[in-house]
Amino acid sequence: MLIHHTIAAQRAALRGRAPIAFVPTMGNLHEGHLALVRQARAAAGPDGQVVCSIFVNRLQFAPHEDFDRYPRTLERDCALLREAGCDHVFAPDEAELYPEPQGYKVQPPSALADILEGHFRPGFFTGVCTVVAKLFHIVQPHIAVFGKKDYQQLMVIRRMVAQMALPIEILGGETLRNAQGLALSSRNGYLSDEQREQALLLSRTLRDMLQRHAAGAALEETEAWAMAQLSAAGWAPDYMVLRRQHDLGTPAAGDALVALGAAKLGNTRLIDNIEGRGA
Ligand SMILES: Nc1ncnc2c1ncn2[C@@H]1O[C@H](COP(=O)(O)OP(=O)(O)OP(=O)(O)O)[C@@H](O)[C@H]1O
Ligand SMILES: CC(C)(CO)[C@@H](O)C(=O)[O-]
Ligand code: BAL
């Protein structure tokens, strides 16, 4: 496995073997990331190349968010990636990826990017699309793998690739959870032991939302119930909603559903989602 800190070195190293399968991350890797890398390895095949990028992208963080304290653990990450079958780690610093202020940006359509995560993190998806587009230009992958844990992000990237006619197949990776159901996330590292137990409420409530709705509860009633559950347990929920899987619009009868939620537990903001089928 090779580690590259410059765009030139990454580009030069990738000449030759195809297909290239790419997993973009912000580092501080856990089993969820490694599952995406294994998925990329399987998709690339023994003759292809797997690239994982590690870059904490300032553009997608608001000034009050956790950019500065986001964990940077490159050495440990590289050891895990080697084990998981990665061929190249692309780990540029900010001066390499943004040598001048990034004035050219990729702005996704409002209908998809200004709802849910984008509503509570204004500009987030512009930051994500800009860095992902730039990484795509550098790595030029044939395949890229994104986790379903960031459900809306996966959808935004799929639409970007389709509308921009990028020759990249986007694969979605299932959300890895711990034994109790908590979605693995780098930000779980901010939680105390007690908060880790409390954090289970997020996935449980999402699951309960799907069940309640399937049993006949109205959409608004189910969403209000979920918000109240979290608030009563001391969380500050941003949203707890049922949407249709296809485009995150308001579901109609028979649509395949996804329950999505984001909430703060103490100072830590967690997101999760669970796919299901409605009444
Ligand atoms: N539990 C998980 N299972 C599968 N994929 C995941 C999981 N957590 C994150 N990913 C995916 O890994 C990729 C990189 O995500 P990122 O580095 O932001 O990790 P993260 O754990 O989601 O961090 P954060 O706590 O910042 O949300 C994304 O495509 C994301 O959806
Ligand atoms: C896709 C990504 C690496 C872009 O910075 C980030 O949003 C993430 O880790 O999900
Ligand atoms: N996992 C999505 C990246 C972020 O929260 O900034």
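Residues numbered from 1 in each chain as written. Chains lettered and ligands numbered in written order. Predicted model: local features only at pLDDT ≥ 70, side-chain atom pairs only at ≥ 80, totals over all residues.

By the naming in an unreviewed UniProt entry, the chain is Pantothenate synthetase, taken from Roseateles rivi. Per UniProt, the chain has the following entry under Pathway (unreviewed entry): "Cofactor biosynthesis; (R)-pantothenate biosynthesis; (R)-pantothenate from (R)-pantoate and beta-alanine: step 1/1." (UniProt positions renumbered as here; feature names shortened; annotations may be inferred.)

(A) Representation of the domain arrangement of the chain within the structure. Each domain of the chain was delimited in the assignment, giving domain 1 (2–173) and domain 2 (186–273). Between domain 1 and domain 2, the C-alpha centre-to-centre distance is 26 Å. Taken together, the contact between domain 1 and domain 2 spans 13 residues of the former and eleven residues of the latter. Broken down by secondary-structure element, the contributors of at least two residues to the side of domain 1 that touches domain 2 are α6 (117–120) and α8 (151–163). (Domains from an automatic or database assignment. Contact = placed C-beta atoms within 7 Å. Helix = DSSP H or I, 4+ residues; strand = E, 2+ residues; numbered from the N terminus.)

(B) A look at the nonpolar core. Val37, Ala40, Cys52, Val139 and Ala259 are the most contacted members of the largest nonpolar core, which has 68 residues in total. Of the residues forming this core, the biggest block, ten residues, is contributed by helix α7 (residues 124–139). Once you skip the residues sitting within four places of it in the chain, Ala40 turns out to touch Ala21, Phe22, Val23, Val50, Ile143 and Val145. (Core = buried A, V, L, I, M, F, W, Y, C linked by C-beta atoms within 7 Å. Buried ≥ 20, exposed ≤ 12 C-beta atoms within 10 Å, placed from the backbone.)

(C) Expanded view of the site of ligand 2. Lining the immediate environment of ligand 2, one finds Pro24, Thr25, Met26, Asn57, Gln60, Val128, Val131, Val132, Asp150 and Gln153. Within the residue set of the shell around ligand 2, elements represented by two or more residues are β2 (20–25) and α7. With three residues, α7 is the single largest residue contributor to the shell around ligand 2. Across the shell around ligand 2, the residue classes break down as five nonpolar, four polar and one charged. (Near = placed C-beta within 6 Å. Nonpolar A, V, L, I, M, F, W, Y, C, P; charged D, E, K, R; others polar.)

(D) The arrangement of the UniProt feature "active site" (unreviewed entry) in the chain in detail. With numbering aligned to this structure, UniProt lists the feature "active site" (unreviewed entry) at His33. Note that His33 resides in helix α2 (residues 31–44). Its 26 C-beta neighbours within 10 Å are what place His33 among the buried residues.

(E) Quick peek at the site of ligand 1. Lining the immediate environment of ligand 1, one finds 18 residues, of which Gly32, Gly147, Leu184, Ser186 and Arg187 sit closest. Counting only elements with at least two residues in the shell around ligand 1, the list comes to α2 and β5 (143–147). For the shell around ligand 1, the element with the most residues is α2, which contributes four residues. For the shell around ligand 1, the residue count by class is seven nonpolar, eight polar and three charged.

(F) Layout of the packing of helix α10 (residues 200–214) against helix α11 (residues 219–232). Contact geometry of α10 with α11 gives a least axis separation of 10 Å together with a crossing angle of 160°. Here α10 lies roughly antiparallel to α11, going by the angle between them. Along this stretch, α10 crosses α11, giving a crossing that reads as right-handed. Residue-level contacts link Leu201, Thr205, Met209, Arg212 and His213 of α10 to Leu219, Thr222, Trp225, Ala226, Gln229 and Leu230 of α11. Class assignment for the residues of the contact of α10 with α11 results in six nonpolar, four polar and one charged. (Axes fitted to C-alpha atoms, helices over the stretch in contact; angles between N-to-C directions. Parallel < 35°, antiparallel > 145°, perpendicular 65-115°, else oblique. Left-handed = near helix turned anticlockwise from the far one by under 90°.)

(G) The pairing of strand β3 (residues 49–54), seen in detail. Of all six residues in β3, six are buried; the element is thus mostly enclosed. Neither face of β3 is open: one carries Gln49, Val51 and Ser53, the other Val50, Cys52 and Ile54, and all of them are buried. Bridge count for β2 against β3 is six bridges, and the pairing is parallel. Opposite Pro24, over in β3, you have Ser53 as the bridge partner. Each parallel crossover has a hand, and for β2 linked through α2 to β3 it is right-handed. As paired strands, β3 and strand β4 (residues 88–90) are joined by three bridges and run parallel to one another. Residue pairing for β4: Cys52 is matched across the bridge by Val89. Crossover β3 to β4 through helix α3 (residues 74–84) is right-handed. (Pairing = 2+ DSSP bridges. Right-handed = clockwise from strand over helix to strand, strands pointing away.)

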